[in-house]
Amino acid sequence: MMELKSYVGGKWVAGTGKHAALVNPATEEEIARASTEGVDMKAALSFARDVGGKSLRAMTFRQRGEMLRAMSKAIHAKRDELIGLAVQNGGNTRSDGKFDIDGAWGTLAAYADLAAELPDGHVLPDGDGVQLGRSPRLWGDHVFLPRVGAAVHVNAFNFPAWGLAEKAATALLAGMPVVSKPATSTGLVAHRIVELLVESGAMPEGALSFLCAGAGDLLDHVGGQDVLAFTGGSSTGQLLRAGKGVIAHSVRVNVEADSLNAAVLGPDVEVGSDVWNLFLADVARDVQQKTGQKCTAIRRVYAPKDRVAEVVDALKERLSAIKVGDPSHADVTMGPVATAQQKRDVLAGIDKLASAGKVVFGTGADVTPIGGQKGKGFFVSPTLLVCEAPSAADAIHNHEVFGPVATVMPYDGTGARAAELVSWGGGGLVSSVYSDDKEFLAQAVLGLAPFHGRVTIGSSKIAAQAVPPGTVMPQLIHGGPGRAGGGEELGGRRGLAFYMQRVALQGDRAIVEALAGRRA
Ligand code: NAP
């Protein structure tokens with residue numbers, strides 16, 4: 001049995017006591033075990049701050065960019081092996097595994113590229129300076145400097161590779177050392193990535209620490225220069241925000257949580273047009289990809305009232321082409337959900353949604369998996385519901401079913417009503433609107449925008465090259481208000497701000513500008 005260790009204090013450390021089991025969700029076979037019991041969390045944080053932080057702050061942005069490039073290459077070199085682990089431990093098809101792993105090295109590479117545009121120094125100027133006195137001699141300016149603490153990253157089970165890398169890329173480029181914790185159940189991929197990164201020698205000692213199982217009392221030891229970035233369920237997010245150390249030291253917290261992402265079909269979209277096909281492809285992909293376990297997956301689908309039947313028929317046709325089974329078989333296009341608990345939650349969630357709508361496609365847990373054994377593995381059928389009379393109070397607008405499930409609902413065809421319905425989700429990561437009608441788009445997109453971190457617009461001129469709403473781009477921000485956690489990650493240079501202290505400098509312009517790195 002493979003035993004997964006934690007990487008703290010510059011060495012691999014085995015946990016003691018009761019270990020958590022990591023299983024293959026297609027077969028339920030145990031493949032590894034992990035524990036962090038006995039790991040000294042306080043010492044792990046101190047080592048990151050004192051050793052890793054010091055080295056990172058001595059590096060310029062450009063040097064940190066070179067480090068990220070080397071990290072990206074180390075992951076890319078073992079892409080195939082990592083995809084295999086994602087199939088084994090995540091229930092991922094190879095295509096799902098690529099989505100996660102390519103996202104990991106791709107985001108590191110994107111931040112390495114960004115570094116080349118930053119100053120070859122240690123201070124990041126922010127905006128323009130401003131005259132404060134009677135003469136331009138008295139000057140004010142803003143700069144960012146890395147926080148002198150550790151960045152604690154707690155990640156969700158669905159993207160063990162990307163989750164680790166996207167957070168680490170921004171923190172390390174900003175100059176903060178990382179203490180990263182994957183979700184235990186799917187930690188195998190993250191564990192192998194950290195092994196590869198340590199072996200590569202890409203990072204200075206202490207720049208990346210790794211806790212492979214529970215966080216123990218880690219959050220009791222965070223201080224005022226540390227930050228906490230969390231991805232996972234809302235209730236866990238609330239618990240971490242309320243942590244003793246977090247509250248006592250006003251620790252900066254970023255939460256990426258649940259999201260009831262929506263897709264809105266405009267009334268102008270003709271059946272069979274490029275935009276129609278784009279809309280259907282986006283919805284069907286989000287049911288199937290990662291077995292619907294994507295924070296950005298479309299959960300709610302709004303179509304003009306007179307189009308609902310056509311949308312449902314077209315989606316049923318696409319969902320019936322999904323081949324559910326053991327993802328190690330080449331012809332399988334959708335694997336199981338990640339854990340037994342996930343399966344229970346998804347099935348209970350479908351029942352909840354069905355209290356407000358009707359299941360029109362799907363057989364729940366009654367699945368005969370390709371290449372698998374009926375009754376074994378955490379398989380759930382792709383599922384489509386229809387809700388004829390949506391209301392703000394129903395489960396469809398309040399409960400995230402983190403699995404291969406979407407619900408179609410009618411609206412009156414106006415952009416204003418579409419935006420209102422989407423806003424009932426209480427704040428989301430991303431929603432998409434499909435139309436070529438400028439007036440409709442203005443009402444729908446700008447109406448739902450305040451409730452989201454990102455809105456994608458599917459129109460005919462970009463249909464052939466559109467990036468799916470479920471794909472998080474490192475250049476654009478990822479996060480959303482309300483239910484989605486109120487956080488913001490990535491967004492190119494914007495992502496660095498979370499890990500840095502913005503400070504105003506005021507004084508003699510020559511001195512201020514020299515300190516800000518604006519003049520030699
Ligand atoms: P989860 O149960 O909330 O767990 C998330 C992480 O928190 C795991 O690493 C978990 O560790 C850790 N954790 C749990 N309790 C903790 C505690 N008391 N102290 C410290 N850490 C603790 O969520 P999940 O089931 O992994 O992920 C599914 C959820 O994440 C969904 O709701 C989904 O919407 C959300 N999600 C959001 C985004 C986004 O970007 N907004 C992305 C992906 C997923 P253990 O595994 O060791 O318990």
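Residues numbered from 1 in each chain as written. Predicted model: local features only at pLDDT ≥ 70, side-chain atom pairs only at ≥ 80, totals over all residues. Heavy atoms only, no water.

As a further point, take the nonpolar core. Nonpolar side chains tend to gather and get buried jointly when the protein is soluble and globular. In this structure, Leu68, Met71, Leu172, Leu173 and Tyr499 are the most contacted members of the largest nonpolar core, which totals 65 residues. Listing elements by their share of this core, those giving two or more residues are strand E5 (30–34), helix H2 (61–76), helix H3 (79–90), helix H4 (94–115), helix H5 (160–174), helix H6 (187–200), strand E11 (208–210) and strand E12 (227–231). The element that contributes the greatest number of residues to this core is H5, accounting for ten residues. Here leucine 172 is in contact with Leu56, Arg64, Met67, Leu68, Met71, Pro177, Val178 and Ala207, once residues within four sequence places are set aside. (Core = buried A, V, L, I, M, F, W, Y, C linked by side-chain atoms within 4.5 Å. Buried < 20%, exposed > 50% of the residue type's maximum accessible area, 1.4 Å probe, protein only. Helix = DSSP H or I, 4+ residues; strand = E, 2+ residues; numbered from the N terminus. Contact = heavy atoms within 4.5 Å.)

This part covers a nonpolar patch on the surface. Among the surface-exposed residues, Val130, Leu132 and Leu138 lie close enough to one another that they form a single nonpolar patch of about 250 Å² accessible area. Structurally, valine 130 is set in strand E7 (residues 130–131). (Patch = residues over 30% accessible without salt bridge, like charges linked within 9 Å, V, L, I, M, F, W, Y side chains within 5 Å. Areas by Shrake-Rupley, 256 points an atom, 1.4 Å probe, with all protein chains shown as cover. Salt bridge = Lys/Arg side-chain N within 4 Å of Asp/Glu carboxyl O.)

Further remarks concern the packing of helix H12 (residues 415–423) against helix H13 (residues 438–448). Relative to each other, H12 and H13 sit at 20 degrees, their axes nearing to 7 Å. Considered as vectors, H12 and H13 are oriented roughly parallel to each other. Crossing geometry of H12 relative to H13 is assigned as right-handed. Along its contact with H12, which presents Gly415, Ala416, Ala419 and Val422, the element H13 presents Phe440, Gln443, Ala444, Gly447 and Leu448. (Axes fitted to C-alpha atoms, helices over the stretch in contact; angles between N-to-C directions. Parallel < 35°, antiparallel > 145°, perpendicular 65-115°, else oblique. Left-handed = near helix turned anticlockwise from the far one by under 90°.)

At a minimum axis separation of 9 Å, H2 and H6 run at an interaxial angle of 125 degrees. On the basis of the axis angle, H2 is oblique to H6. The crossing of H2 and H6 is right-handed. Together, Met71, Ala74 and Ile75 of H2 and Ile193, Leu196, Leu197 and Ser200 of H6 make up the contact between the two elements.

So, on to the sheet that holds E5. For sheets, the rule is that strands pair by backbone hydrogen bonds, running either parallel or antiparallel. Taking strand neighbours across the sheet as the criterion, the three strands line up as E1-E5-E4 in an open arrangement whose pairing is mixed. Pairing within the sheet leaves two strands with one partner each, and these edge strands are strand E1 (2–4) and strand E4 (20–23). Within this sheet the neighbouring strands show an average axis-to-axis angle of 35 degrees, counted without direction. Judged from the three bridges that link them, E1 and E5 form a sheet pairing that is parallel. (Pairing = 2+ DSSP bridges.)

Okay, the pattern of salt bridges next. Taken as a whole and judged by the stated rule, the model has 20 salt bridges. The salt bridge involving arginine 49 is made with aspartate 226; its shortest N-O contact spans 2.7 Å. Taken together, the positions of arginine 49 in helix H1 (residues 41–58) and aspartate 226 in the loop between E11 and E12 put the pair 177 residues apart, joining distant regions of the chain. Pair check on accessibility: arginine 49 and aspartate 226 agree, each one buried. Between aspartate 126 and arginine 502 there is a salt bridge, and its shortest N-O distance comes to 2.9 Å. Note that aspartate 126 is positioned in the loop between strand E6 (124–125) and E7 and arginine 502 in strand E23 (residues 500–508), a separation of 376 residues in sequence. Here the salt bridges do not stand alone but share partners, grouping Glu81, Arg192, Glu195 and Glu199 into one network.

Moving on: the site of the ligand. Taken together, 25 residues form the shell around the ligand, and within it Asn155, Thr184, Thr236, Glu400 and His478 come nearest. Within the backbone of glycine 233, an N or O atom sits 2.8 Å from an oxygen atom of the ligand. When the ligand sits alone it has 910 Å² of accessible area, and the protein chains cover 78% of it. For the shell around the ligand, the secondary-structure elements that each account for two or more residues are E12 and helix H7 (234–241). In terms of residue count, the dominant contributor to the shell around the ligand is H7 (three residues). Looking at the shell around the ligand, its residues break down into 13 nonpolar, eight polar and four charged. Of the domains in this structure, domain 1 (41–257 + 488–515) and domain 2 (261–473) are the two that each give at least three residues to the shell around the ligand. (Near = heavy atom within 4 Å. Polar contact = N/O pair within 3.5 Å; in protein donor to acceptor, adjacent residues only side chain to side chain. Nonpolar A, V, L, I, M, F, W, Y, C, P; charged D, E, K, R; others polar. Domains from an automatic or database assignment.)

With that settled, consider the environment of alanine 156. Locating alanine 156 in the fold gives a position in the loop between strand E9 (151–154) and H5. In this structure the C-alpha to C-alpha distance between alanine 156 and cysteine 295, which are 139 residues apart in sequence, comes to 9.6 Å. With sequence-adjacent residues up to four places away left out, alanine 156 is seen in contact with Ala183, Thr231 and Gly232.

This part takes up the domain arrangement of the protein. For the protein, the domain assignment lists domain 1 (41–257 + 488–515) and domain 2 (261–473). Between the C-alpha centres of domain 1 and domain 2 the distance comes to 31 Å. In this assembly, 17 residues from domain 1 lie in contact with 21 residues from domain 2. For the domain 1 and domain 2 pair, buried surface summed over both sides reaches about 1,500 Å², with 63% attributable to carbon and sulfur atoms. (Buried area = accessible area lost by both parts, 1.4 Å probe.)

Moving on, we come to unusual backbone geometry. A positive phi angle, near 70 degrees, is found at glutamate 28, a position not held by glycine. You can see glutamate 28 is positioned in the loop between E4 and E5. On the basis of relative accessibility, which here comes to 33%, the residue glutamate 28 falls in the partly exposed class.

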